Amino acid sequence: MTQPVPDPAWIKPLANAVRALSMDAVEAATSGHPGMPMGMADAAAVLWTRHMKFDPGDVSWPDRDRFVLSAGHGSMLLYSILHLVGVKALTMEELKNFRQLGSMTAGHPEFGRAPGIETTTGPLGQGLATAVGMAMGERMMNAHYGDELVDHYTYVIASDGDLQEGVSQEAISLAGHFRLNKLIVLWDDNSVQIDGDRDLSDTVDHRARFESAGWVTMEVDGHDVVAVDAALVKARKADRPVMIACKTIIGFGAPTKAGAASSHGAPLGAEEIAGARKALGWRYAPFEIPAAVYEGWRESATRGAAARAEWQARLDASDKANAFKAQISGQPPEAALKALKTHIQATRADTLTLTQEATRVSSGKAIAAFWRNYPGIIGGSADLTDSNNTRAPGQRVIAPGSFSGAYVHYGVREFGMAAAMNGMALHGGIRPYAGTFLVFSDYCRSAIRLSALMNQPVIYVFTHDSIGLGEDGPTHQPVEHLTALRVMPNVTVFRPADAVETAEAWKCALERTDGPTVLVLSRQKTSHVRQDDGRVNLSARGAYVIREAEGDAQITLIGTGSELKLAVAAQEQLKVKGIAARVVSAPSLETFLKQGVDYRDAVVDPRCPVVAVEAALRWGWDGLIGSEGGFVGMESFGVSAPASDLYTHFGITAEAVVTEALKRV
């Protein structure tokens, strides 16, 4: 049933409430961004009161519309709306405590801090790119469960800065390619940035840019609520993603700062706020909202609650209900874990006859073992599928109009890929993993950081992990990247040494549901070193004794990845010299350092000197080996040459490990 045209006299007070709360909260905090919420309040009021499918009584129900404030600096717009529609946790006291220690209303929206925040935003461009992943997730789930259970929109408010960040181009082109028609972006086209007018640095025709990527675009007066409503009605019927350029005045209503950069990123000041109240006809005191305004906002909440109840009834009656609930639970299916455990034991048996295998190849075999038993697992690569070994036999490719597959070709869009995976994970029901070369993890880094900050179980598969990739040279040979990833809070990094450890690392990654996992894999073949039966996941504790010393250990040798074999070889050379060495495999340093002291001391005896070997920088190792420990690794960038020559050239050899050990025994 078609809604009547919105009455501006009804919408305007609702929008002015957002303006008032935003300028009052920023003033109280003495910091923040009032201009954007004041400028986009009209468009946001139309969106939320007339189009958003959202129930404040159940902010996480799966078929709700998603709203992403990519312009996260304007966070008071989102906090104000969540309060006004009736999200109980967002009290007026929380708004008064904007940007204060312990409040839900952080400077930028943070996923998990307050109900109703769909993703952490603030790093510009990433909200838009994450929303693309959400829209992909919606289409993927819809392909399996149909419109009755999955049929919702993803709305985005984006700023000039969002569109200027490079990741926006990756996201826009990806969304256009996949024809994500349930994605609608409202661009706050206010022509003003912190430094001043936008044309100081940006004269791009952004509508043409979106159109060239396959989007539908429109332009409206962002303060004309009838025009905004009509554009949204049209956008919801489009067969492609839609960008609506909302021409707005930043700081709308402020008597001297409206339309000026001075309203962007600082409090307006008492005199300016008083003038804005007068100009807007807002006669209420700071943080005072009249009952009629609350009632207006909460009419939409009533509609949202009804929509949720209708959806729940459909779910209860569906023969797919159990499968749907299991998929959105976020827990890995037992069948997938069982398949992987069986694969681990079979791999151990295979290593008795197979002498060497690159861990990227081992990873591909692990994926092949479990993916069919994991509904919602979605693989991918940034144009390196065969190099990353991320696509298993039988994984159908997702394509425009066809979302029932299990693999995404992201193209050369590492940052956009990583951000989209965050969006898929946040959407629910999708467990994404994707690959590129380890050296290109730098392109993904900002999105990985948000994976960690939001506790999202995204799996990153980074291959070509060292100088061992050889001839491609220092532009492609990572040396500092392991350190850079290990130091990031809430990121678990595994660098497995052989096929068994690789499969174990995958099992750990699947079992982890509270943060991202990074699998760092080799291009070159590695020796199989595990000799146990594979029944116990030894990698799950981060490090373990893989070769015990004969007699009392005089030194401990620690290796990771392809260099573990050097530690094993060094043990044999030291044995000839009458020195008993213990060899420890450490696929995950940070996991090991989280173990209890008794286990850590049982593996790395604090009474023994230690030498570690890894084809990377030493940074990050001292927490395990101490400042007096020996380290054989890289101290510079690599060079272009065959891998076998490079290890000798840089002194990463068993003989070098022995030399370091002899200095300490």
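The structure this text deals with has already been given above.
Residues numbered from 1 in each chain as written. Predicted model: local features only at pLDDT ≥ 70, side-chain atom pairs only at ≥ 80, totals over all residues. Heavy atoms only, no water.

Draft legend 1. Examining the nonpolar core more closely. Met136, Met140, Leu180, Leu183, Trp215 and Tyr410 are the most contacted members of the largest nonpolar core, which totals 72 residues. Per-element accounting of this core gives the leading share, 11 residues, to helix H5 (residues 126-149). Membership of the second largest hydrophobic core comes to 66 residues, among which are Ala45, Leu95, Ile157 and Ala238. (Core = buried A, V, L, I, M, F, W, Y, C linked by side-chain atoms within 4.5 Å. Buried < 20%, exposed > 50% of the residue type's maximum accessible area, 1.4 Å probe, protein only. Helix = DSSP H or I, 4+ residues; strand = E, 2+ residues; numbered from the N terminus.)

Draft legend 2. The pairing of strand S7 (residues 242-247), seen in detail. Along S7, five of the six residues are buried, which leaves the element largely enclosed by surrounding structure. Where strand S3 (residues 183-189) lies against S7, six bridges are found, and the strand directions are parallel. By the bridge assignment for S7, isoleucine 184 is matched with valine 242. Between the parallel elements strand S6 (residues 216-221) and S7, the chain passes through helix H9 (residues 225-235) in a crossover that is right-handed. (Pairing = 2+ DSSP bridges. Right-handed = clockwise from strand over helix to strand, strands pointing away.)

Draft legend 3. Focus on the sheet that holds S7. With parallel pairing, the five strands of this open sheet are ordered in space as S1-S2-S3-S7-S6. Looking along the sheet, the strands with just one partner apiece sit at the ends: strand S1 (66-69) and S6. If you compare each strand with its neighbour and ignore which way they point, the axes differ by 20 degrees on average. Relative to the sheet, H5 contacts S1, strand S2 (154-158) and S3, its axis offset from that of S2 by approximately 170 degrees. (Axes fitted to C-alpha atoms, helices over the stretch in contact; angles between N-to-C directions. Contact = heavy atoms within 4.5 Å.)

Draft legend 4. Structural detail: the environment of valine 226. The residue valine 226 is located in helix H9 in this model. The class for valine 226 is partly exposed, based on a relative accessible area of 31%. Sequence-wise, valine 226 and valine 5 are 221 residues apart; in three dimensions their C-alpha atoms are separated by 6.5 Å. When neighbours within four sequence positions are excluded, valine 226 is seen to be in contact with Val5, Pro6 and Pro8.

Draft legend 5. Local environment of the pattern of salt bridges. Counted under the stated rule, the structure contains 33 salt bridges. Among the salt bridges present, the one from glutamate 357 reaches lysine 365, with a minimum N-O distance of 2.5 Å. By relative accessible area, glutamate 357 is classed as buried at 10%. Overlapping salt bridges, with partners in common, bring together Asp160, Asp189, Arg198 and Lys247 in one network. (Salt bridge = Lys/Arg side-chain N within 4 Å of Asp/Glu carboxyl O.)

Draft legend 6. The arrangement of the packing of H5 against helix H7 (residues 166-178) in detail. Interhelical geometry of H5 versus H7 gives an angle of 20 degrees and a closest axis separation of 8 Å. Considering the angle they form, H5 stands roughly parallel to H7. Regarding H5 and H7, the two cross each other, and that crossing is left-handed. Across the interface between the two elements, Gln126, Leu128, Ala129, Val132 and Met136 of H5 pack against Val167, Ser168, Ala171, Ile172, Leu174, Ala175 and Phe178 of H7. Residue composition of the contact of H5 with H7, by class: 10 nonpolar, two polar and no charged. (Parallel < 35°, antiparallel > 145°, perpendicular 65-115°, else oblique. Left-handed = near helix turned anticlockwise from the far one by under 90°. Nonpolar A, V, L, I, M, F, W, Y, C, P; charged D, E, K, R; others polar.)

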